[in-house]
Structure formats: C-alpha cells, structure tokens
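# Inside the fold
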Amino acid sequence: MDSILIALSDSMSSKAVLDYVLAMAWCPESVQVTLLHVFRKQSGGEELMGQKYMKKQPARYMEVLEQARDRFVEKGVPPQSVTLKMVTEPYDTIADGIIDQAKNLNPSLVVIGRKRMSKAEEFVLGDASIKLVRALEGMAILVVKVK
C-alpha cells in the first residue's frame, strides 16, 4: 500500500496542497494518508499573543486536519486509511519537523505547499522545500507552489 504524508496548516498554500492532491488521479482505496501538522518554536511576536492564545492553537489545527480528513473520505479514501498526526513538541523550523516525521513514517510521497517568495525572503528565511528535497533523499517529494 502506498502512503502519503501531507503537511498542513491553515495557510493558503495548505489549501492549495489539499485541492491539488484531491484532484490527482489515484486509487483512494489503496492509499494510506497521514495528515500532519508540526509546531515550531514560538517567535517573540507569538509570545506577545499570550498563553491563552497559544493554548488554543492545537485545537485550531486539529480542526484543520479533521476537515482535511473529511475531504479525503468524501473522495473515497476509507476513514481508517486517514491518520491525523499533530506534533505539539515544537521544532526549530517547520521543515525540521516534517523531515523528522517523514524519516519516522517513511511514506512513499511527502507533499508540502510553498508560497511565492521574493529572492530576499528566500535568502533570509530559507526555502523549506529545498531543505526537504536535500534531507529526504530517496523519498518522493511533491511541492505545490501557490501563486
């Protein structure tokens, strides 16, 4: 059975990832889908949002994962073939979390979204998709780019 690891958040790129994967031609009965959300360490700005705000985040992202699961089930994927995985122990970067989880799960395909970045943003922030391609050698990676 093929397995797909799909990293999601509540971003536009994650919505595009979901739409793209669901539109692909594949056999829904013979795939294991893991929908993943990874937390990164808080930035200074997030710390200013307060503990109450931060405590709500896991429930918020679990709802995103549950809605994504429902869409896969509507597409014909058996509910038992869709796993929700939320990693609340924060990583330094989202890419580090996806890499770690992909190495543990060893899926046939890793799917991530990528928003358009300026050259300056890419230089300062780095490109998570490039980091994944380099770190997950031997693993298929699909990067869905959002305009």
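Read on for an overview of the structure. In every chain, residue numbers begin from 1 and rise along the written sequence. This being a predicted model, a pLDDT of at least 70 is required before a residue's local features are given, and a value of 80 or more before pairs of side-chain atoms are given or counted; all residues contribute to the totals for chains, interfaces and linings. As a rule here, side-chain values come from all non-hydrogen atoms in the structure, and water together with hydrogens is ignored.

For the purposes of this entry, the term helix denotes a DSSP run of H or I that reaches at least four residues, the term strand denotes a run of E that reaches at least two, and both are numbered from the N terminus. Summarising the element assignment, Asp-19 is placed in helix H1 (residues 12–23). For every residue, the accessible area obtained with a 1.4 Å probe (protein chains only) is divided by the maximum for its type, and the residue is called buried under 20%, exposed over 50%, and partly exposed between those limits. A relative accessible area of 40% places Asp-19 in the partly exposed class.

A few words now on the packing of aromatic side chains. In this analysis, rings of Phe, Tyr and Trp, with Trp reduced to its six-membered ring, are considered paired at centre separations within 6.5 Å, and the interplanar angle assigns stacked below 30 degrees, edge-to-face beyond 60, and tilted for intermediate values. All chains considered together, the criterion is met by 2 aromatic pairs. A centroid spacing of 6.1 Å and a plane angle of 40° characterise the contact between Trp-26 and Phe-72, whose relative ring orientation is tilted. Of this pair, Trp-26 sits in the loop between H1 and strand E2 (31–40) while Phe-72 sits in helix H3 (residues 51–74); the two residues are 46 residues apart in sequence, bridging distant segments of the chain. A residue is classified by how much of its surface remains accessible, and Phe-72, at 0% relative accessible area, is buried. Taking the centre distance of 5.6 Å and the plane angle of 80° together, the rings of Phe-39 and Tyr-61 count as edge-to-face. Of this pair, Phe-39 sits in strand E2 while Tyr-61 is found in helix H3, placing the two residues 22 residues apart along the sequence. For Tyr-61, a relative accessible area of 12% translates into the label buried.

By the secondary structure assignment, Ser-14 is in helix H1. The exposure class of Ser-14 is buried, given its relative accessible area of 8%. Here, residues are in contact when the closest pair of their heavy atoms is within 4.5 Å. Here Ser-14 is in contact with Ala-7, Leu-8 and Ser-9, once residues within four sequence places are set aside.

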